[in-house]
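Survey of secondary and tertiary structure
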Amino acid sequence: MSTLEIRNLHVSVETDGEGPREILRGVNLTVRKGETHAIMGPNGSGKSTLSYAIAGHPKYTVTEGSITLDGADVLAMGVDTRARAGIFLAMQYPVEVPGVSVSNFLRTSATAVRGEAPKLRLWVKEVKETMGFLEMDQAFAERGVNEGFSGGEKKRHEILQMMLLKPKIAILDETDSGLDVDALRVVSAGINAVRETGETGTLLITHYTRILRYVQPEFVHVMAGGKIVDEGGSELAATLEESGYDKYVKVGAGA
Amino acid sequence: MTTTSAETALEGLGSYRFGWADADAYAADVERGLSEAVVRGISAKKSEPSWMTDLRLKGLKLFERKPMPTWGADLSGIHFDNIKYFVRSTEKQAESWDDLPQDIKDTYDKLGIPEAEKQRLIAGVAAQYESEVVYHKIREDLEEQGVIFLDTDTGLREHPEIFKEYFGSVIPVGDNKFAALNTAVWSGGSFIYVPPGVHVEIPLQAYFRINTENMGQFERTLIIVDEGAYVHYVEGCTAPVYSSDSLHSAVVEIVVKKNARCRYTTIQNWSNNVYNLVTKRAACQEGGTMEWIDGNIGSKVTMKYPAVWLLGEHARGEVLSIAFAGEGQHQDAGAKMVHAAPRTSSQIISKSVARGGGRTSYRGLVQIHEGAHQSKSTVRCDALLVDTISRSDTYPYVDVREDDASIGHEASVSKVGEDQLFYLMSRGMAEDEAMAMIVRGFVEPIARELPMEYALELNRLIELQMEGAVG
């Protein structure tokens, strides 16, 4: 039973010249295997900071609180150790790694996360099938990682990695942003395929409710001002679609 | 956060992993320092014709007269009086692998040559141990085609008429101080002649290695590719660690005749105290193509600018170069393209990686002479800095005397970004593995031009350099 537990998490980010600024101010969240959680909130509420802090980006400093995965102290782990422990972050803006082919990148990642190199024949088949599922051209595997990718290609590539790496906890940072309807449908199908295995806890971070029509969360959390200010089931997403974040922004500002 | 800085990740680049050294045992040893007697002695030992002795002495005079270069890297650490100018390791060339002395065989086992032989990837091995080629083999099919592939000493003995015509014709004796020095004391190197129309299908390879403290290595290579012929010559070297400075000053002359093509690939990995000052130049006639692929990984200082003189219409020159500079290293490398005929074209692609306070410089010259109408040249140089204490400079010189020339120049300097490292590490890769992947990706456009086993060796060297830095 994989469980990610976040308790009273405070996170600061280093700013240019102005010293550290606190972004997260006491976040509590529990994600269990097989569950799907959505974190929603206005821009600047701290959603992306939460995802980076869980993955361990060096720019974000945890000043207080804890993150554990099945009881193990995630904050004591390096970025790569967290990945090998089963944490996966699908990035909103994945960077280019020029000259490194997607196929090389995927196989190196799978080798690192699985602890041994996947058997070549099975691996080639697995990659082929998963790319087919995500409606990606096979030639894609020979391109440089994120080099000249369109927004949609970047997101499909992130989901491809998630499907191949089979994480315990998958964090999807604004995966729906910048996608047209077709791409959104394909990417959502990928997320649902991973959910349906029941082996992964999913944390969807999103500004819009659009993706929630395709990927239905059991739990919805509203974030504002660096805290979770409201929680509910999928009906909360419907309410947000109608009324927006206005009332939470006031609450967040007053906190 | 346990992510360490980029500097620590790359500390491995400073340690030299192939740093073994066999016991010194020389059949013929000579004193340190340079004089007319030393030069005459080298020539006499080799029983050279008098014109070569005279040329050597002329080289000595010009070497003494010419000042040290005042540009480029710092050469003040070279002490010419403390260098052995000729060392002979065995008296006689070996006919086959079995004839080689055991310690020399051990050395080549470490370099992996027998494996390469077994795989029949190489056409002939000119293995240079010390100053003289001791092991040399040419496949029968090459001989049947009339291809000559010898060490330069033997080449001079057996083909004096070719040497008289071409030796020093591309790089004159007084071209520069180090070319003059090489002319005075040269020993070893490769001599290749490819007859008209012959395509040598497999790359010809030579492995080089120097093994004596303070021993200069002055090999001299002469390649003539006759009309419509093709050859790919590959040269690689790994050297042991020395306790004091060592000088390597080679001269490579190439003649590419009408519609011929020559590709010359070098990966050098000298130990970190070697001054590597090499003059490489090709003269390319009508419709000919010269390609230099040049990798500089080791050495303390490298100054090397492979050049192509485009002497006939539609001649084409290309330089692909890659340089790594670690702590205490300066790689001053680049290319020179001289367009002396109409409709000639050239391309320079240079990539460099600096870490640990190392320094890379790109120094290039593109000249379009008067009358070289409609010539084209493109230059692209990219530098990658792995930390904030390393340095990269670009010195592109362009001299154009025709209005209808087309010249392109692009340069970039980039840093290994925190976000790139984070991305790869968030996929489970350790920091040194992630760094090696970024560096490998950066040099990939050049690595893919290398013969397969060299590309693998380059990748392995990059991995070794990134390894074991994260505690």
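What counts, and at which threshold
- Every chain is numbered on its own, with residues counted from 1 as its sequence reads.
- For this description, chains carry letters from A and ligands carry numbers from 1, given in the order in which they are written.
- For this predicted model, a pLDDT threshold of at least 70 governs which residues receive local features, and a threshold of 80 or more governs which side-chain atom pairs are given and counted, while totals over whole chains, interfaces and linings are taken from all residues.
- Secondary structure elements follow DSSP: runs of H or I of four or more residues count as helices, runs of E of two or more count as strands, with numbering from the N terminus.
- Two things to know: the radius of gyration comes from C-alpha atoms, and the globule rule equals 2.2 Å times the number of residues to the power 0.38.
- In this scheme the burial state of a residue depends on its C-beta neighbours within 10 Å: 20 or more other such atoms mean buried, 12 or fewer mean exposed, and anything in between means partly exposed; the C-beta positions come from the backbone.
- In this description, a residue-residue contact is defined by the distance between C-beta atoms placed from the backbone, which must lie within 7 Å.
- What counts as an axis is a line fitted to C-alpha atoms, over the stretch in contact for a helix, and the angles between N-to-C directions run from 0 to 180 degrees.
- Should the near helix be turned anticlockwise from the far one by less than a right angle, the crossing is left-handed, and should it be turned clockwise, the crossing is right-handed.
- Following the grouping adopted for this structure description, the nonpolar residues are Ala, Val, Leu, Ile, Met, Phe, Trp, Tyr, Cys and Pro, the charged ones are Asp, Glu, Lys and Arg, and the polar ones are all others, Gly among them.
- DSSP bridges decide pairing: two strands pair if at least two such bridges lie between them.
- An expected span of 1.5 Å times one less than the residue number is assigned to each helix.
- Each nonpolar core reported here comprises buried Ala, Val, Leu, Ile, Met, Phe, Trp, Tyr and Cys residues connected via C-beta atoms within 7 Å.
- Roughly parallel means an angle under 35 degrees; roughly antiparallel means over 145; roughly perpendicular covers 65 to 115; every other angle is labelled oblique.
- Think of pLDDT as the predictor's per-residue confidence, scored from 0 to 100.

The subject of this paragraph is the overall build of chain A. For chain A, the helix and strand inventory stands at eight helices and 12 strands. Relative to its length of 255 residues, chain A is compact, with a C-alpha radius of gyration of 18 Å against a globular reference of 18 Å. Taken along the three principal axes of its C-alpha coordinates, chain A extends 55 × 40 × 40 Å. The buried share of chain A, reckoned over its 255 residues, is 44%. Nonlocal contacts in chain A, meaning residues at least 24 apart in sequence, comprise 73% of its contacts between residues at least 6 apart.

For the rest of this paragraph, the subject is the overall build of chain B. Along the backbone of chain B there are 12 helices and 21 strands. Relative to its 471 residues, chain B shows a buried fraction of 55%. Taking the intrachain contacts of chain B between residues at least 6 apart in sequence as the baseline, contacts between residues at least 24 apart amount to 84%.

Residues and elements named next belong to chain A. Relative to each other, helix α3 (residues 102-114) and helix α5 (residues 151-165) sit at 35°, their axes nearing to 10 Å. Both α3 and α5 take part in a crossing whose hand is right-handed. Where α3 abuts α5, its residues V102, L106, S109, A110 and V113 lie against H157, Q161, L164 and L165. Grouping the constituent residues of the contact of α3 with α5 by class yields six nonpolar, three polar and no charged.

The next subject is the pairing of strand β4 (residues 60-69) of chain A. All names here are of chain A. For strand β1 (residues 3-15) and β4, the ladder comprises eight bridges, and the chain directions are antiparallel. Residue pairing across strands places E5 opposite T68, the latter belonging to β4. With two bridges joining them, β4 and strand β5 (residues 72-73) adopt antiparallel strand pairing. Note that in β5 the partner of L69 across the bridge is A72. Between β4 and β5, which follow one another and run antiparallel, lie two residues, and D70 among them has a positive phi close to 50°.

Residues in a regular strand project their side chains so that they alternate between the two faces of the sheet. All names here are of chain A. Counting buried residues along strand β3 (residues 36-40), five of its five residues qualify, which places the element largely inside the surrounding structure. Direction of pairing for β3 relative to strand β11 (residues 219-224): parallel, over a ladder of four bridges. Residue M40 lies in a different strand from β11, and its bridge partner there is V222.

Listed by partner, the interface residues are 22 residues for chain B and 22 residues for chain A. Elements with a minimum of two residues in the side of chain B that touches chain A: α10 (418-425) and α11 (431-447) of chain B. No other element matches the seven residues that α10 of chain B contributes to the side of chain B that touches chain A. Considered class by class, the residues forming the side of chain B that touches chain A number 11 nonpolar, seven polar and four charged.

Spatially, the four strands line up as an open sheet ordered β2-β1-β4-β5 (chain A), and their pairing is antiparallel. Since the sheet does not close on itself, it has two edges, and those belong to β2 (19-32) and β5 of chain A, each with one partner.

Attention now goes to α5 of chain A. Residue and element names in this part refer to chain A. Taking 1.5 Å of rise per residue, 15 residues should cover 21 Å, and α5 covers 21 Å from first to last C-alpha, within 8% of that figure. Among the residues making up α5, those that are buried are K154, K155, R156, H157, E158, I159, L160, Q161, M162, M163 and L165. Where the residues of α5 are buried, they touch β6 (87-90), α3, α4 (120-133), β9 (169-173) and α6 (181-196). Once α5 ends, the next one or two residues include K166, with phi positive near 45°.

The subject of this paragraph is the nonpolar core. Ranked by size, the top nonpolar core spans 192 residues in total, and within it F88 and I171 of chain A together with V225, I254, V256 and C262 of chain B carry the most contacts. No other element matches α11 of chain B, which puts 10 residues into this core. Non-local contacts of I171 of chain A, meaning those with residues more than four positions away in its chain, are made with S51, I54, A55, F88, L89, A90, L203 and I205 of chain A.

All names here are of chain B. Following both chains from N to C, one finds α10 and α11 inclined at 120°, their axes separated by 9 Å at the closest point. Taken together, α10 and α11 sit at an angle that is classed as oblique. Crossing of α10 over α11 shows right-handed handedness. Note on element contacts: α11 touches α10 through E431, A434, M435, M437 and I438, opposite Q420, L421, L424 and M425.

Time to look at unusual backbone geometry. With phi around 50°, E174 of chain A is a residue other than glycine that occupies positive phi space. Positioned with a positive phi, N259 of chain B is a non-glycine residue whose angle comes to about 60°. As for its placement among the helices and strands, N259 of chain B is situated in the loop between β9 (251-256) and β10 (261-269). Assessed through the 19 C-beta atoms surrounding it within 10 Å, N259 of chain B is described here as partly exposed.

This part is about the environment of N43 of chain A. Residue and element names in this part refer to chain A. One can find N43 in the loop between β3 and α1 (47-55). For N43, a count of 8 C-beta atoms within 10 Å puts it in the exposed group. Put simply, N43 and K247 are 204 residues apart on the chain and 14 Å apart in space, counted from C-alpha to C-alpha.

A few words on the sheet that holds strand β12 (residues 227-232) of chain A. All names here are of chain A. Across the sheet, six strands lie side by side as β6-β9-β10-β3-β11-β12; this open sheet has mixed pairing. Of all the strands in the sheet, the pair left with one neighbour each is β6 and β12. Pairwise comparison of adjacent strand axes, ignoring direction, gives a mean angle of 20° for this sheet. Pairing of β9 with strand β10 (residues 201-206), which is carried by five bridges, proceeds in the parallel orientation. Bridge pairing in β10 links I171 to L203.

Glancing now at the confidence of the model for chain B. All names here are of chain B. For chain B, the average pLDDT comes to 81, and 76% of its residues sit at 70 or higher. Confidence scores differ between elements of chain B, with helix α1 (residues 6-9) showing the lowest mean pLDDT of 40 and strand β14 (residues 307-310) the highest of 98. Low pLDDT, under 50, characterises residues 1-28; the stretch is placed with 72 contacts to residues that sit more than four places away or in other chains. Counting contacts from residues 207-216, a segment whose pLDDT is below 50, to residues more than four positions away or on other chains yields 46 contacts. Reported confidences for the modelled complex are a pTM of 0.79 and an ipTM of 0.96.

What follows deals with the environment of V278 of chain B. By the secondary structure assignment, V278 of chain B is in strand β11 (residues 274-284). Sequence separation of V278 of chain B and A250 of chain B is 28 residues, and the distance between their C-alpha atoms is 4.9 Å.

Further remarks concern the environment of V225 of chain B. Residues and elements named next belong to chain B. Along the chain, the position of V225 falls in strand β6 (residues 220-225). Taking the C-alpha atoms as reference, V225 lies 22 Å from A179; in sequence the two are 46 residues apart. Leave out the neighbours within four places in its chain, and V225 touches V194, V231, V255, V256, K257, A260 and C262.

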